[in-house]
Amino acid sequence: MSTSRVLTWEVSASRGFETAWAQVGDGVLRARGRAVGTDPEPYWVTYDLDTGDGLVTRRLRVTVESGAGSRTLDLRHDGGGAWTVDGERLPVVDGALDCDLGLSPLTNSMPVLRHGLHRGPGEVELLMAWVSVPDLTVRPSWQTYTHLRPGRVRYASGDFHSDLEFDGEGFVVDYPSLARRLAAV
């Protein structure tokens, strides 16, 4: 069974907004999204995210428009652990299962859904292919997700941590210091 959602967040970290049209079901997430931010510079982001079985990222396509012009990124995972950026191998993130689009609460859903951390006990440490916005640089990022109670998961990376609130379907409702979801109309 598949669920379609339209999710909109006020993104305080970028002084902007993001809307994602997401479809999740049978261990697969597909989403397209648009975001606007004004920090660190005014920009627009469009993205398409496709995961395979087990909510493992298969492809993230991102375009950023800013005063500096237009930049694009095509990040792909081969399903076996290897990654490419715009067709070039990126071994520094080999072994990662997920991408993490900077300043976007949507991509926190994949590891939480995969491990059911929004519903029950557990903790996972994962390597992510982190995409910086608005420059679209891809870097490795070790992240830990820890179930605190139903709907509440602690996210940690390096010295940073935040207690995220998730809805019953595994989407971020509140990510303190990053974004808060707006009520659906």
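The structure reproduced in this document is the subject of the present report. (Residues numbered from 1 in each chain as written. Predicted model: local features only at pLDDT ≥ 70, side-chain atom pairs only at ≥ 80, totals over all residues. Heavy atoms only, no water.)

## Notes on the pairing of strand β5 (residues 57-66)
Right, so step 1: With 9 bridges connecting them, strand β4 (residues 43-51) and β5 associate as antiparallel partners. Within β5, the position partnered with tryptophan 44 by the bridge is glutamate 65.
Right, so step 2: The hairpin turn running from β4 into β5, its antiparallel successor, is 5 residues long, and glycine 54 in that turn takes a positive phi close to 75 degrees.
Right, so step 3: Bridging between β5 and strand β6 (residues 69-77) involves 8 bridges; their strand directions are antiparallel. Bridging from a neighbouring strand, serine 66 pairs with glycine 69 of β6.
Right, so step 4: The hairpin formed by β5 and β6 contains 2 residues between the paired strands. (Pairing = 2+ DSSP bridges. Helix = DSSP H or I, 4+ residues; strand = E, 2+ residues; numbered from the N terminus.)

## Topic: unusual backbone geometry
Right, so step 1: Residues aspartate 39 and proline 40 are joined by a peptide bond in cis, for which omega reads 15 degrees.
Right, so step 2: Between valine 133 and the following residue, proline 134, the backbone shows a cis peptide bond with an omega angle of 15 degrees.
Right, so step 3: Its location among the elements puts proline 134 in the loop between β10 (123-131) and β11 (138-149).
Right, so step 4: Although it is not a glycine, leucine 55 sits at a positive phi angle of roughly 60 degrees.
Right, so step 5: Looking at the element boundaries, leucine 55 is found in the loop between β4 and β5.
Right, so step 6: At leucine 103, a residue that is not glycine, the phi angle is positive and equals roughly 65 degrees.
Right, so step 7: Take leucine 103: it is sitting in the loop between β9 (98-101) and α1 (109-115).
Right, so step 8: The class for leucine 103 is partly exposed, based on a relative accessible area of 25%. (Buried < 20%, exposed > 50% of the residue type's maximum accessible area, 1.4 Å probe, protein only.)

## Comments concerning the nonpolar core
Right, so step 1: Core analysis: the biggest nonpolar cluster contains 50 residues, and Leu60, Val62, Leu75 and Leu106 have the highest contact counts within it.
Right, so step 2: For this core, the element with the most residues is β10, which contributes 6 residues.
Right, so step 3: If we ignore the near neighbours within four places in the chain, the residues touching leucine 106 are Leu7, Trp9, Glu18, Ala20, Ala31, Tyr47, Leu49 and Phe171. (Core = buried A, V, L, I, M, F, W, Y, C linked by side-chain atoms within 4.5 Å. Contact = heavy atoms within 4.5 Å.)

Shape is all these values report; function is a separate question.
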